[in-house]
Amino acid sequence: MTTASPPHLVSKDEAMFYYSGISPSPPKLVYRTGLLTTPWVNPKGLEAYRKLKQVRGVFDHKLNNVWEDLGPQVRDLLNVQRISWTSIDVARFITDGEFDTAIVGPVVLWIGVRPDSLEGAQAVSSGSGILALLKSFGIEDVEVEYRESIYRRSAGPELLRHVSRVNDTVDVRSPLIPTLCLSIAAADRPEAQGIMGLYFAEGGTSDKVLGLTCHHVLFKTDATTNDSYVLASNASARRKDVQLLGTRAFDKLLDSIKVRIGRHAIMLKQHEEGIERLEKRLAGGVDGDDDDEDEVAEAKKELELTRGQFKAVNDAIETLEQFYSQHVIGHIRSSPAVAFNVGPEGFTEDWGAFEIDGPKFAKAFKGNVLDLGEHGDPPDEFTLKMDLRDAGPTTFKYPSDRLLPLRDMISEELMCRPDMLDHDSEPCLIVIKSGNATGVTIGRATGIFSFVRVDDTGEESKEWAIYNYDENSGVFSAPGDSGSIVVDGRGRIGGLLTGGAGKTETSDVTYVTPMFWLWPRIKEHFPNAHLNATTVA
């Protein structure tokens, strides 16, 4: 005799496939309060397929107006319930429907929990308690869903000049071009690489320019180690250097250049053999001499082109190997210990600033510009993703040199109530970042700040959440992207990427510290600082 599964349990198939589409490795569903009202249907039959989901931010719900008071109460309730939560996000899911339709789901309190920490009756009790709390605020149209998830903090000669997309070495030069999002590492920790997100001028009487990244990129940071650093003012103080490219990034770039050289060497051999064959045909007086002469001329052109490409890439590897022996690009000036739930706003403070080596940057320096190029979508696809409206004026223009100038900041008001609309004329906020691990990516910001809890220390904090763009675009970020700057299509600065959440190394959600909050904290250390750094001394 068999017994039916308790109504509070999700099936194995639902747990595995419910979030299909939101990331390459979607999280496991643990429990959802809508199990009985909207049961999951397992696709069956010869043409059965999983219905894919996309995650959207929430901007136009009553929850937005009360979250400042309600959010901390949700967090506190989960603590009282002894739930091993790792993140609290607010989302809305779009699910594939029939005949290319999209089903817009309800607003969801999307709670990440440690793997294998929550099941059965405890999940039901927790969900019921949160629904009761929502009801006390007059909200009865929000569901609660629990997923397994872990919050993680994601961690020479002159630099080269920017080149156009058609340049054959654009991809191998890009890591050595001083636009934003240079791959960096502390010289004494080259295995822990991250990103330099922004330049800023020290200002006042100083002509120094500094780079901004995360503290945990520059210093070991864990449950037992978390120390502040300020460079001593005396001239004899030992500096802590910052280098371009960590060990993994350098090895990866070097391998890619060697592969490119190998490909060109193969093409050189083929062209040389083809020319030799055609010249023998001409010398032998075979029919079709005129055509052969044309073929020889064309082959010689291709040979010269390939030789030029071969030399350019060969020169690039020589420059890189020379550079790597002298690739210190600056030294750390100030990097406060990572702090969570800072001040009344409760955000994470995780930043470090290093003074850049002016002579290495001077000739190629362009200030705060984001390169959208080689490692992002082609311009037409990129533009279509950024500009969601079917009609009306465009809000994004792909720069002809692929360099997006950064200006101003996204205010708290615009984060919560953006001035962009999607295909359905609903508010949305599409953002961009360029990182070491995932390149240039596009994501969807949400209008309600999330809560996160660090797995090894239990510390809690508030963050700005970014969701992956859609089921075809991959993740917005991955470990190694820490320190990246997140901006909108107008070049307005949103914040500094500090971590992500997911059960695997891929991120279902990316977390960012808002720049409107972080910049005043930085100015406490550099009172005259400004972001209009246009030249390097």
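These numbers were taken from a predicted model, which means no experiment stands behind them. (Residues numbered from 1 in each chain as written. Predicted model: local features only at pLDDT ≥ 70, side-chain atom pairs only at ≥ 80, totals over all residues. Heavy atoms only, no water.)

1. Remarks on the overall build of the protein chain
Reasoning step 1: Assigned secondary structure in the protein chain consists of eleven helices and 27 strands.
Reasoning step 2: Expressed as a percentage of the 537 residues in the protein chain, the buried residues total 53%.
Reasoning step 3: Here the protein chain has roughly 24400 Å² of accessible surface; of this, 50% comes from carbon and sulfur atoms. (Helix = DSSP H or I, 4+ residues; strand = E, 2+ residues; numbered from the N terminus. Buried < 20%, exposed > 50% of the residue type's maximum accessible area, 1.4 Å probe, protein only. Areas by Shrake-Rupley, 256 points an atom, 1.4 Å probe, with all protein chains shown as cover.)

2. Points about the environment of Val142
Reasoning step 1: Checked against the element boundaries, Val142 lands in strand S5 (residues 142-148).
Reasoning step 2: Once the C-alpha coordinates of Val142 and Leu131 are considered, the two residues, eleven residues apart in sequence, prove to be 7.9 Å apart.
Reasoning step 3: The contacts of Val142, once residues within four sequence positions are left out, are His61, Val107, Val108, Leu109, Leu131 and Leu134. (Contact = heavy atoms within 4.5 Å.)

3. Some remarks on the packing of aromatic side chains
Reasoning step 1: Considering all chains together, one arrives at 20 aromatic pairs under this definition.
Reasoning step 2: Consider the rings of Trp110 and Tyr467, whose centres lie 6.1 Å apart with planes at 70 degrees: the pair is edge-to-face. Take Trp110 and Tyr467: they sit in the same class, and that class is buried.
Reasoning step 3: Between the aromatic rings of Phe449 and Phe516, the centroid separation amounts to 6.4 Å while the plane-to-plane angle is 50 degrees, which identifies the pairing as tilted. Here Phe516 lies in helix H11 (residues 515-523) and Phe449 lies in the loop between strand S22 (439-445) and strand S23 (450-453), a separation of 67 residues in the sequence.
Reasoning step 4: For Phe449, a relative accessible area of 8% gives the class buried.
Reasoning step 5: Three or more aromatic residues joined by ring pairs make a cluster, and in this case those are Tyr18, Tyr19, Phe93, Trp110 and Tyr467.
Reasoning step 6: Across from the ring centre of Tyr18, 3.9 Å away, lies the NZ or CZ of Lys53, which sits over that ring.
Reasoning step 7: We note Lys462 situated over the ring of Phe347; from NZ or CZ to the ring centre the distance is 5.0 Å. (Phe/Tyr/Trp six-rings, centres within 6.5 Å; stacked < 30°, edge-to-face > 60°. Lys NZ or Arg CZ within 6 Å of the ring centre and 35° of its normal.)

4. Details of the pairing of strand S3 (residues 85-96)
Reasoning step 1: For S3, the tally of buried residues reaches eleven of twelve residues, placing the bulk of the element in the interior.
Reasoning step 2: Note that strand S2 (residues 53-56) and S3 share four bridges and pair antiparallel. The residue of S3 that forms the bridge with Arg56 is Arg92. (Pairing = 2+ DSSP bridges.)

5. Concerning the side chain of Arg92
Reasoning step 1: Relative to the assigned elements, Arg92 resides in strand S3.
Reasoning step 2: Of the polar contacts made by the side chain of Arg92, one reaches the backbone oxygen of Gly105; its length is 3.3 Å.
Reasoning step 3: Not counting chain neighbours up to four residues away, the residues in contact with Arg92 comprise Gln54, Val55, Arg56, Val58, Asp60, Val104, Gly105, Pro106 and Val107. (Polar contact = N/O pair within 3.5 Å; in protein donor to acceptor, adjacent residues only side chain to side chain.)

6. Describing the nonpolar core
Reasoning step 1: Core analysis: the largest hydrophobic core is formed by 75 residues, its most contacted members being Tyr199, Phe200, Leu372, Phe382, Ile432 and Trp464.
Reasoning step 2: The element best represented in this core is H11, accounting for five residues. (Core = buried A, V, L, I, M, F, W, Y, C linked by side-chain atoms within 4.5 Å.)

7. Description of the side chain of Ser434
Reasoning step 1: Assignment of secondary structure puts Ser434 in strand S21 (residues 430-435).
Reasoning step 2: Among the residues examined, Ser434 registers a relative accessible area of 12% and is labelled buried.
Reasoning step 3: Among residues more than four places away in sequence, those in contact with Ser434 are Cys181, Ile195, Leu370, Asp371, Gly439, Val440, Ser484 and Ile485.

8. Focus on the environment of Lys397
Reasoning step 1: Mapped onto the elements of the fold, Lys397 is located in the loop between helix H9 (379-386) and strand S18 (403-405).
Reasoning step 2: With a relative accessible area of 69%, Lys397 lands in the exposed category.
Reasoning step 3: On a C-alpha basis, the gap between Lys397 and Phe382 in space is 9.8 Å, while along the polypeptide they are 15 residues apart.

9. Looking at the pattern of salt bridges
When the charged atoms of two side chains with opposite charge come close together, those side chains can pair.
Reasoning step 1: One pass over the full model with this rule turns up 18 salt bridges.
Reasoning step 2: For Asp76, the salt bridge goes to Arg75, with nearest N and O atoms at 3.2 Å.
Reasoning step 3: Residue classification places Asp76 among the partly exposed residues on the basis of a relative accessible area of 35%.
Reasoning step 4: Across the pair Arg417 and Glu413 runs a salt bridge whose closest N-O atoms are separated by 3.5 Å.
Reasoning step 5: The exposure class assigned to Arg417 is partly exposed, which follows from its relative accessible area of 45%.
Reasoning step 6: Of the residues examined, Glu413 reaches a relative accessible area of 46% and is grouped as partly exposed.
Reasoning step 7: Overlapping salt bridges bring together Arg75, Asp76, Arg453 and Glu460 as one network. (Salt bridge = Lys/Arg side-chain N within 4 Å of Asp/Glu carboxyl O.)

10. Thoughts on the packing of helix H2 (residues 62-80) against helix H3 (residues 120-136)
Reasoning step 1: Two numbers describe how H2 lies on H3: the axes approach to 10 Å, and their chain directions differ by 145 degrees. Handedness of the H2/H3 crossing: right-handed. In contact with Leu63, Leu70, Gln73, Val74, Leu77 and Leu78 of H2, H3 contributes Ser126, Gly129, Ile130, Leu133 and Leu134.
Reasoning step 2: For the contact of H2 with H3, the class distribution of residues is eight nonpolar, three polar and no charged. (Axes fitted to C-alpha atoms, helices over the stretch in contact; angles between N-to-C directions. Left-handed = near helix turned anticlockwise from the far one by under 90°. Nonpolar A, V, L, I, M, F, W, Y, C, P; charged D, E, K, R; others polar.)

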